[in-house]
Amino acid sequence: MRQEFNQHGGVAIIRAKDFAPTEVSRPVPRVGVVSNPRSHRNNGGSRPTELPEAVVFKREPSSRNELVSIITQFANEGVELIVIDGGDGTVRDVLSVAHMVYRGALPRVAVIPSGKTNALAFDLALPAHWSLGDAIRAHMENRVADRAPVHIHWNNNALPDQLGFIFGLGVFSRATLLAQRVHRKGMFNAIAVALTVLMALLKSLFGGPRNSWRRGDMARVSRDGVEIFAERVYLMLASTLRHMPVGLRPFGRIRDGLKFLTVKAPPRALHRNFLAVIKGRESPALEADGYIRRDADKVYLSLDRGFILDGEQFPGGNLIISRGRPIQFVVPA
């Protein structure tokens, strides 16, 4: 098998000598790889080993403007599979730019999980050793799963739209800063998530009445033109994923759709309700204590402070949070 890759990105034509005639007669897929060499498990990007025949455009953008140019090139070249080699933040950046460039249905997408948490990869059941070759073969065999992203739009187009999979504010924003400290100590993925949740719980339980962890953030929420509430929330979490890391089930039963969990501030009986919430238990008592689960395709949200989307903080303001157009992700057999 012949493989040609430029060290810093380029075009590779992968030729396989021993394909059966039926394989050779198939159209050669055109694949665009966006690699983040700074991702936790990425040692220089996608490694082209044991690849099927394909034309691969590999790029390593260093800025958003460069990413826009790269995705535009993929669109002009007729790329049918975009491979994202990075973590959840890289996935968010690529999908957000692709949404702007394609202005409609995106090509199929593959994720090579090389970040610190890889929540989307966990939901898609991608193995840790999932490779570029695996992704191309899955594409050629039409092995796909649909996932709709969380679509964030700022009113008056204050910022470009963002597409991600885990949105949060309040204690979630503070916990994200904690997670960065955990990562610096060399802990990642499930261990990092579990430790961060535990630390956030302890800071919330043992803080006094003026504790910022319990005080929450101001949020004004409306839906279908009707204001739902305007008050401080200890936590607001939203996601379209079916399975969350470490088996957490904050939204209750496993299902599709855009799901919300809102906990009013300060959290009532947190010591009693915490396990019930993360294990997905549903009861009228939880809602009576201010632990509210809802599904909605679109919500209008006004925030005085920022929020977190897939590990990165964004400014608040007047937002529309909606269930985005479904994207086809290639998956294992």
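This one's a predicted model, so the numbers in the text were calculated from it and none came from an experiment.

Colleague: How do you make sense of the packing of helix α2 (residues 64-76) against helix α3 (residues 88-102) when you look at a structure like this?
Modeller: Packed helices, taken two at a time, are described by their axes: the angle between them and the distance between them. Look at α2 against α3: their axes get within 9 Å of each other, and the N-to-C directions meet at 55°. As far as their axial angle goes, α3 and α2 are oblique. The crossing of α2 and α3 is right-handed. Of α3, the residues touching α2 (which contributes Arg64, Leu67, Val68, Ile71, Thr72, Phe74 and Ala75) are Asp93, Val94, Val97, Ala98, Met100, Val101 and Tyr102.

Colleague: I keep staring at helix α5 (residues 132-140) and nothing clicks. Help me out?
Modeller: It helps to recall that an α-helix has 3.6 residues per turn; residues three or four apart then point in one direction. For α5, the buried fraction is high: 7 of the 9 residues fall into the buried class. Where α5 is buried, its residues meet β2 (30-35), β3 (54-59), β4 (81-86), β5 (108-113) and β18 (327-330). Once α5 ends, the next one or two residues include Asn142, with phi positive near 60°.

Colleague: Could you clarify how one ought to interpret the nonpolar core in this entry?
Modeller: Most often, soluble globular proteins keep nonpolar side chains buried together rather than apart. The biggest cluster of nonpolar side chains holds 62 residues, and the ones touching the most others in it are Val31, Leu95, Ile136 and Phe329. If sequence neighbours within four positions are ignored, Leu95 has contacts with Ile84, Leu106, Val109, Leu163, Phe165, Ile327 and Phe329. Counting 22 residues, the second-largest nonpolar core is a separate cluster that includes Ala219, Val221, Phe260 and Phe314.

Colleague: Quick question: what am I supposed to make of the confidence of the model for the protein chain here?
Modeller: Interpretation of this model should avoid reading the predicted coordinates in detail wherever pLDDT is low. For the protein chain, the mean per-residue pLDDT works out to 85, and 79% of the residues sit at or above 70. Predicted confidence is poor over residues 1-8, with pLDDT under 50, and the contacts of this stretch with residues over four places away or in other chains come to 26 contacts. The low-confidence segment residues 43-48, where pLDDT is below 50, has 16 contacts with residues more than four positions distant or belonging to other chains.

Colleague: Sorry if this is basic, but what is going on with the packing of aromatic side chains here?
Modeller: The description of an aromatic ring pair rests on the distance of the ring centres and on the angle between the ring planes. Evaluation of the coordinates by the stated rule reveals 5 aromatic pairs. Taken together, the ring pairs in this structure connect Trp154, Phe167, Phe307 and Phe314 into an aromatic cluster.

Cut-offs used in this document
- Residues numbered from 1 in each chain as written.
- Predicted model: local features only at pLDDT ≥ 70, side-chain atom pairs only at ≥ 80, totals over all residues.
- Heavy atoms only, no water.
- Axes fitted to C-alpha atoms, helices over the stretch in contact; angles between N-to-C directions.
- Helix = DSSP H or I, 4+ residues; strand = E, 2+ residues; numbered from the N terminus.
- Parallel < 35°, antiparallel > 145°, perpendicular 65-115°, else oblique.
- Left-handed = near helix turned anticlockwise from the far one by under 90°.
- Contact = heavy atoms within 4.5 Å.
- Buried < 20%, exposed > 50% of the residue type's maximum accessible area, 1.4 Å probe, protein only.
- Core = buried A, V, L, I, M, F, W, Y, C linked by side-chain atoms within 4.5 Å.
- pLDDT = per-residue confidence, 0-100.
- Phe/Tyr/Trp six-rings, centres within 6.5 Å; stacked < 30°, edge-to-face > 60°.

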